[in-house]
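Examining the three-dimensional arrangement
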2 protein chains.
Amino acid sequence: MELSDSNASAIAERFKALGEPMRLRLLQALRAGECSVGDLAERTGGGQANVSKHLQVLLQQGYVDRRKEGTTSWYRITDPQVFTMCELVCGGLEEELDRKRKLLRRRKP
Amino acid sequence: MELSDSNASAIAERFKALGEPMRLRLLQALRAGECSVGDLAERTGGGQANVSKHLQVLLQQGYVDRRKEGTTSWYRITDPQVFTMCELVCGGLEEELDRKRKLLRRRKP
DNA sequence: TTCTTATATTACCAGATAGTTGTGTAGCGA
DNA sequence: TCGCTACACAACTATCTGGTAATATAAGAA
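What you are looking at is a predicted structure, and each value in this text was computed from that prediction instead of being measured.

Attention now goes to the environment of Arg67(B). Residues and elements named next belong to chain B. By secondary structure assignment, the location of Arg67 is in strand S2 (residues 64-69). When the C-alpha positions of Arg67 and Glu34 are compared, they lie 9.5 Å apart, and in sequence the two are 33 residues distant. Within the local environment of Arg67, its side chain forms a polar contact with the side chain of Glu34, the two groups lying 2.8 Å apart.

Here it is in structure tokens:
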């Protein structure tokens, strides 16, 4: 798929959904397996409403799936490839840190 | 690298930098090779100041690098792995579209 | 029914962000 | 020197977004 103007927005939306610390923490928590909203609120230290709202974003972008059981909503990762992306970006982060360390060393020899 | 609370923000910043259509278009334009700000403004149809500002974001996150020559700034991709990420997210996008198409079919049989 | 639990939704506010306009700055040719 | 070009930066505005509090919904227990 090429990055045409029309789908640049759709791709950006998917990246934007991952561009939030709380949502990354939610995905990280879900890595252990299916969780309820309450579980996730406890694990991430977030408020119930806030966690629920962030989960809607992840749900809409298809990163997670939902299963209802009584009054409980169980969320789970739909596509583990999201962690491949995290690892890629982590690799870039390492390189970026190295680059910045070198710049600092060059400025303060 | 694990997704601890401390670096969740750093990782999110890197995703957030890609969560903008104009910045994706800039990267796409740079895929052809080194470009000046003027080139990029023309290719993306953005204003000079806006393009320059978005380039700072990509520069700070280490996605692009800059080389100055006279009054011209030449930008280029530093890490082509960003396109691997785009392809991953595009794959997810395809699956997501399929999923939504199936949902529509289920609702309107 | 009434109470409790679990989640979603709404309204609101403070802070962030994209885009534009105008200005500053640096290099270069006339 | 005086423009002219290319870019960066600051200020401003409209819009968006994260967090919270309050409310709505819905299921089950008492």
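Further notes follow.
Taken together, the contact pairs 38 residues of chain A with 38 residues of chain B. A combined buried area of about 3500 Å² lies between chain A and chain B, and 72% of that area is made up of carbon and sulfur atoms. Counting only elements with at least two residues in the side of chain A that touches chain B, the list comes to helix H1 (5-18), helix H2 (21-30), helix H4 (48-60) and helix H5 (81-107) of chain A. In terms of residue class, the side of chain A that touches chain B is made up of 18 nonpolar, 9 polar and 11 charged.

Our next topic: the protein's contact with DNA strand C. Looking at DNA strand C, there are 20 residues lining it, with Gln48(A), Arg66(A), Tyr75(A), Lys53(B) and His54(B) nearest. Looking at DNA strand C alone, sugar and phosphate atoms form 59% of those within 4 Å of the protein. Contact between DNA strand C and Gln48(A): a base nitrogen at 2.8 Å from a side-chain N or O atom of the residue. Residue Thr71(A) places a side-chain N or O atom 3.1 Å away from a sugar or linking oxygen belonging to DNA strand C. Those elements that provide at least two residues to the surface near DNA strand C are helix H3 (37-44), H4 and strand S3 (72-77) of chain A together with helix H4 (48-60) of chain B. The element contributing the most residues to the surface near DNA strand C is H4(B), with 4 residues. For the surface near DNA strand C, the residue count by class is 4 nonpolar, 11 polar and 5 charged.

About the thresholds
Residues numbered from 1 in each chain as written. Chains lettered and ligands numbered in written order. Predicted model: local features only at pLDDT ≥ 70, side-chain atom pairs only at ≥ 80, totals over all residues. Heavy atoms only, no water. Helix = DSSP H or I, 4+ residues; strand = E, 2+ residues; numbered from the N terminus. Polar contact = N/O pair within 3.5 Å; in protein donor to acceptor, adjacent residues only side chain to side chain. Contact = heavy atoms within 4.5 Å. Buried area = accessible area lost by both parts, 1.4 Å probe. Nonpolar A, V, L, I, M, F, W, Y, C, P; charged D, E, K, R; others polar. Near = heavy atom within 4 Å.

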